Amino acid sequence: MSQPSAQVTAAEISRIAGVTRATVSNWRRRHDDFPAPSGGTDSSPLYDLESVRSWLAARGQVSAASPSEELRTTLRLHAQSGGGTADLLLLVLAAAGRSPEELTAAARLPDADLAGRAQQDAATAAEAVPGADAVRFRAEDASVLRALYVCVRDEGGQAALAVLADRELEDSAASGAYRTPEPLADLLAGLIPGSPAGVLDPACGSGTLLAAAARRGARELYGQDTLPVQARRSAVSLMLTAPEATVTMRAGDSLRADAFPGLVADTVLCNPPFGVRDWGHDELAYDPRWAYGVPPRAESELAWVQHALAHLTPGGYAALILPPATAGRASGRRVRAELVRGGALRAVIALPVGASVPLHVGLQIWVLQRPEPGGPERKSVLFVDTAETSAPASAGSSTGAGSGGTAGAARTRSGGSRSASLDWAGITARVLASWQAFRENPDAFEGEPGVAHAVGVVDLLDDVVDLTPARLVRASRAEVDPAELSAEVDAARRDLVRAARSLARAAGHEEWDSAGATSRDWRTATASDLARGGALTLLRTVPEGARGRTEGAGAAGGGDGNPEPPGVRAVLTGADIARGSGPTGDPAELRSAVAPVVAVGDVVVRAVANGDGPMARVAGEEDAGALLGPHVHLFRPDPARLDAWFLAGFLSAEENIAGASTGSTVLTVSPGRLRVPLLPLEEQRRYGEAFRHVHELRAQARRATRLAEETARLLAGGLTGGQLLPGRGVTGREAMGRGGEAAHPRGAGSRHSTYGPSST
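Rules behind the numbers
- Residues numbered from 1 in each chain as written.
- Predicted model: local features only at pLDDT ≥ 70, side-chain atom pairs only at ≥ 80, totals over all residues.
- Heavy atoms only, no water.
- Helix = DSSP H or I, 4+ residues; strand = E, 2+ residues; numbered from the N terminus.
- Polar contact = N/O pair within 3.5 Å; in protein donor to acceptor, adjacent residues only side chain to side chain.
- Salt bridge = Lys/Arg side-chain N within 4 Å of Asp/Glu carboxyl O.
- Buried < 20%, exposed > 50% of the residue type's maximum accessible area, 1.4 Å probe, protein only.
- Contact = heavy atoms within 4.5 Å.
- Expected span 1.5 Å × (residues − 1).
- 1 Å grid on protein atoms, 1.4 Å probe; cavity = no way out; pocket = protein on both sides within 12 Å on 5 of 7 lines; lining within 4 Å.
- Points joined across faces, edges and corners; volume = space filled by probe spheres on them.
- Nonpolar A, V, L, I, M, F, W, Y, C, P; charged D, E, K, R; others polar.
- Phe/Tyr/Trp six-rings, centres within 6.5 Å; stacked < 30°, edge-to-face > 60°.
- Pairing = 2+ DSSP bridges.
- Axes fitted to C-alpha atoms, helices over the stretch in contact; angles between N-to-C directions.
- Parallel < 35°, antiparallel > 145°, perpendicular 65-115°, else oblique.
- Left-handed = near helix turned anticlockwise from the far one by under 90°.
- Right-handed = clockwise from strand over helix to strand, strands pointing away.

Trainee: For this particular structure, what's the right way to read the side chain of arginine 673?
Mentor: Residue position: arginine 673 is located in the loop between strand E21 (668-669) and strand E22 (675-677). Within the structure, the side chain of arginine 673 is placed 2.9 Å from the backbone oxygen of glycine 659, a separation counted as a polar contact.

Structure (structure tokens):
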């Protein structure tokens with residue numbers, strides 16, 4: 001009996017065909033031969049993928065899917081016939097070392113010859129990947145092999161690897177497998193002094209932390225993960241990104257079956273699983289790793305902490321991402337006390353909510369150091385709280401043009417959208433500055449009130465041993481000078497009043513007219529069509545290893561994209577667009593030989609459709625000269641034919657972004673499929689002016705919100721810390737206006753404040 005084909009939704013059909021979901025609905029209504037639903041419900045029908053592809057082919061509808069999306073679709077069909085993805089991981093590693101010409105030639109081979117060629121290629125990489133058995137491909141596998149070769153050729157080995165790993169995770173019973181966001185991984189690696197030679201990650205997942213260590217010079221990378229697919233994925237990924245490093249990867253449970261029992265490394269980096277009760281408490285009760293006490297059954301995180309310390313050389317450092325409950329839960333008090341008393345715990349750093357999965361929890365970084373025999377006595381522990389460092393000060397500045405929404409927040413395996421919108425540059429700078437100053441001279445460390453504070457070991461060893469940074473750094477605010485805080489509050493209030501007036505002016509714009517009884521309709525064209533007609537140029541930065549396929553003008557290095565090698569220029573990233581800041585990316589991390597240079601009037605669009613904030617903006621003076629980041633698409637309009645603000649507004653429309661996005665876990669925007677109304681230039685300019693006002697409203701609202709939060713934080717902290725006192729002549733009745741509304745605030749130039757410094 002033949003296996004059933006994979007099933008797809010109407011939205012997936014639209015991505016395969018490169019049309020809108022409305023077009024698919026029209027096909028269903030107007031064409032009697034359109035495939036009937038084969039599953040699902042009346043409101044969410046599912047269609048047989050093979051039948052849909054046959055119907056599209058009969059109509060001459062060529063697939064508009066990207067190579068990675070084509071590989072994803074082909075894999076779904078391949079899985080129905082019993083094909084797996086483990087062997088294909090080996091093939092990715094081998095194919096990444098081939099030239100574009102060799103990959104093209106392989107993809108054109110007859111099915112039987114292609115299977116033989118792929119089997120030879122995969123066999124060359126089998127020894128390097130853990131758990132790899134002998135590879136056997138058949139002629140029936142030709143479609144997926146061909147799609148994989150094309151994906152590696154056009155988008156690079158990492159893109160193909162991500163598709164394969166996501167597919168295998170979907171097919172397995174595994175859940176909770178998420179990538180550590182790259183900025184967080186870089187922060188952990190940056191906390192390790194110097195350039196460690198050997199680095200271990202005992203819960204390596206997809207290898208993000210080890211890749212961050214490799215970027216800092218690590219040359220011996222050791223990893224272990226419970227999921228074999230993650231171990232294989234890490235091995236292949238690290239061999240692609242750090243070919244000069246020695247990669248040793250194993251599959252298995254690090255706590256129960258340590259694959260490296262005799263290994264001592266310079267560094268351990270780890271983002272272990274949280275809240276696991278069945279971690280081996282009973283069978284590991286007498287394990288020699290528990291030098292600081294047997295972890296209670298509910299404290300698996302403290303087992304990982306001691307596992308990391310056991311694998312360090314004396315003086316070596318470990319950095320782990322842990323849930324906040326680990327710092328204060330009563331059951332872990334004794335182990336925490338021994339870690340503090342023994343000098344193993346050096347720092348606890350609180351991260352903002354959304355830094356990584358789970359996104360609703362503010363995670364912590366614990367920095368540990370294995371004590372050296374006869375080493376110095378450690379008298380204090382550093383605590384840093386970055387929970388309020390969420391968006392950069394320039395977020396909401398009026399530079400650039402964000403004019404549309406998003407396709408909705410998407411849950412991704414990369415850690416979610418909130419992580420991308422954080423001010424990682426500010427968080428990293430603040431944490432590393434405090435950590436370096438503390439490490440160089442712990443006794444003389446002064447800290448930053450409310451942010452960083454060194455607490456003596458004796459003060460920490462109370463009945464609860466609560467190591468929560470927010471509690472300990474807030475206690476240091478009592479050291480703030482009342483006069484200084486009062487002046488800071490006055491300055492913040494003046495800024496807030498000015499921002500509120502600017503917001504009121506932006507909100508007062510009333511040049512909007514109703515369309516009447518029905519919404520206006522118009523003809524549209526795709527961005528690819530406009531590029532072919534010369535109305536705009538599409539540019540993107542091609543990562544190393546991605547070759548061949550471009551869209552429109554496509555990759556940097558061709559046409560008039562003004563490509564430049566990375567140097568001292570900043571990089572415009574997708575996060576910069578989302579939060580409205582100037583370019584903040586590091587050119588050293590661009591990992592591309594050339595990149596387009598952003599010019600005033602360019603329209604930049606985020607390549608990943610998730611998270612809050614604008615999807616697109618018009619480049620302003622602040623962006624000019626920056627290099628284009630790898631996850632950003634650049635649209636360079638011909639000003640004689642397209643208005644930039646008009647283009648940005650329609651490109652970033654929610655429905656437009658949704659219709660041009662592909663993928664299941666990460667929604668990737670296909671820039672050529674975005675649609676633009678065909679309107680005369682004069683009418684475009686009217687729309688463009690309206691979108692510019694929308695951008696200004698959003699920018700001023702973000703700025704006012706940020707300043708209001710900062711002013712409220714200073715006032716609340718001053719009142720509760722004793723530095724500020726309520727004005728004696730102000731009562732609740734006087735502070736309220738008619739109808740229960742707050743009275744008009746004092747002018748920005750007032751010499752008197754409702755709040756004054758305390759006279760201590």
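Trainee: Before we go on, may I ask you to explain the pattern of salt bridges in this structure?
Mentor: Proximity of charged atoms lets side chains of opposite charge pair with each other. The final tally for this structure, using the stated rule, is 25 salt bridges. Where arginine 153 meets aspartate 154, a salt bridge forms, and the shortest distance between an N and an O atom there is 2.7 Å. The class of arginine 153 is buried, set by a relative accessible area of 19%. When its relative accessible area of 4% is taken as the criterion, aspartate 154 is described as buried. The closest approach of N and O atoms between arginine 636 and aspartate 602, which form a salt bridge, is 2.8 Å. With arginine 636 in strand E19 (residues 632-637) and aspartate 602 in the loop between helix H21 (574-579) and strand E16 (603-606), this pair connects stretches of sequence that are 34 residues apart. Assigned by exposure class, arginine 636 and aspartate 602 land together as buried. When salt bridges that share partners are traced, they join Asp253, Arg256, Asp278 and Glu283 into one network.

Trainee: Mind showing me how you'd approach the environment of proline 37 here?
Mentor: Looking at where proline 37 falls in the secondary structure, it is placed in the loop between helix H2 (21-30) and strand E2 (39-40). Look past the residues within four positions of proline 37 in its chain and what remains in contact with it is Pro45, Leu46 and Tyr47.

Trainee: Is there a simple way to think about helix H12 (residues 228-241) in this case?
Mentor: One full turn of an α-helix is made of 3.6 residues, so residues set three or four places apart face in the same direction. Under the 1.5 Å per step criterion, the end-to-end length of H12 is 20 Å for 14 residues, consistent within 8% with the ideal 20 Å. Burial analysis of H12 places eleven of its 14 residues in the buried class, which makes it a mostly covered element. Those residues of H12 that sit buried are Val229, Gln230, Ala231, Arg232, Arg233, Ser234, Ala235, Val236, Ser237, Leu238 and Met239.

Trainee: Can you help me understand empty space enclosed by the protein in this one?
Mentor: Any empty space left between the atoms is revealed when a probe the size of a water molecule rolls over them. One pass over the structure, following the stated rule, counts two cavities of 30 Å³ or more. What the second largest cavity holds in volume is close to 50 Å³. If you go around the second largest cavity, the residues you meet are Ala189, Ile192, Pro196, Val199, Ala213, Arg216, Ala218, Thr267 and Leu269. Within the lining of the second largest cavity, the residues separate by chemical class into seven nonpolar, one polar and one charged.

Trainee: Would you explain the packing of aromatic side chains in this entry?
Mentor: Centre distance and the angle of the planes are the two values used to describe a pair of aromatic rings. Counted by the stated rule, this structure contains 14 aromatic pairs. Note on tryptophan 522 and tyrosine 687: the rings are 5.9 Å apart at their centroids and 85° apart in plane angle, and the pair reads as edge-to-face. Note that tryptophan 522 is positioned in the loop between helix H19 (482-507) and strand E13 (524-526) and tyrosine 687 in helix H24 (residues 681-721), a separation of 165 residues in sequence. Using a relative accessible area of 23% as the deciding quantity, one classes tyrosine 687 as partly exposed.

Trainee: Help me understand the environment of alanine 640 in this model?
Mentor: Residue placement: alanine 640 occurs in the loop between E19 and helix H22 (644-651). Separated by 41 residues in sequence, alanine 640 and leucine 681 have C-alpha atoms that sit 7.8 Å apart.

Trainee: Before we go on, may I ask you to explain the sheet that holds strand E4 (residues 198-201) in this structure?
Mentor: Whenever strands of a sheet pair, they do so through backbone hydrogen bonds, lying parallel or antiparallel. The strand order across the open sheet built from nine strands is E6-E5-E4-E7-E8-E10-E9-E11-E12, with neighbouring strands paired in mixed fashion. Edge strands, defined here as strands with exactly one partner in the open sheet, are strand E6 (246-251) and strand E12 (452-456). Mean inter-strand twist for the sheet, computed between neighbouring axes without regard to direction, equals 15°. As paired strands, strand E9 (residues 345-350) and strand E10 (residues 364-369) are joined by five bridges and run antiparallel to one another. Each bridged residue has a counterpart across the sheet, and for valine 348 the counterpart in E10 is tryptophan 366. Across the sheet, H12 lies against strand E5 (220-225) and E6, angled at about 175° from E6, the strand it touches most.

Trainee: Could you clarify how one ought to interpret the sheet that holds strand E3 (residues 45-48) in this entry?
Mentor: The three strands lie next to each other as E1-E3-E2, forming an open sheet whose pairing is antiparallel. Each edge of the open sheet carries a strand with a single partner, namely strand E1 (7-8) and E2. Here E1 runs beside E3; their pairing, made up of two bridges, is antiparallel. Residue pairing across strands places valine 8 opposite tyrosine 47, the latter belonging to E3. This element, helix H3 (residues 49-58), spans E1 and E3 of the sheet and lies at about 70° to E3.

Trainee: Whenever I open this one, the packing of helix H10 (residues 182-190) against helix H16 (residues 424-440) confuses me. Can you help?
Mentor: Packed helix pairs are characterised by how far apart their axes lie and by the angle those axes make with each other. For the pair H10 and H16, interaxial distance at closest approach is 11 Å and the crossing angle is 15°. The orientation of H10 relative to H16 falls into the category roughly parallel. The two elements H10 and H16 cross, and the hand of that crossing is right-handed. Here Pro183, Leu184, Leu187 and Gly190 of H10 lie close against H16, whose contacting residues are Trp424, Ile427, Thr428, Val431 and Leu432.

Trainee: Before we go on, may I ask you to explain the environment of threonine 662 in this structure?
Mentor: Position of threonine 662 among the secondary structure elements: in strand E20 (residues 661-662). Sequence-wise, threonine 662 and serine 68 are 594 residues apart; in three dimensions their C-alpha atoms are separated by 9.4 Å. If we ignore the near neighbours within four places in the chain, the residues touching threonine 662 are Arg15, Ser66, Glu69, Leu667, Thr668, Ser670 and Arg673.

Trainee: Honestly, helix H1 (residues 10-17) in this entry has me stumped. Any pointers?
Mentor: Of all eight residues making up H1, seven are buried, and the element is well covered by its neighbours. Residues Ala10, Glu12, Ile13, Ser14, Arg15, Ile16 and Ala17 constitute the buried set of H1.

Trainee: Would you mind showing me how to read the pairing of strand E8 (residues 312-322) here?
Mentor: Counted residue by residue, E8 has nine buried out of eleven residues, so it is predominantly covered. Two strands pair when backbone bridges link them, and strand E7 (residues 265-270) and E8 are joined in this way by five bridges, in the parallel orientation. Bridge pairing in E8 links threonine 267 to tyrosine 317. With respect to chirality, the unit in which E7 leads through helix H13 (residues 300-310) into the neighbouring parallel E8 is right-handed. Across six bridges, the pairing between E8 and E10 is antiparallel. Each bridged residue has a counterpart across the sheet, and for alanine 318 the counterpart in E10 is leucine 368.

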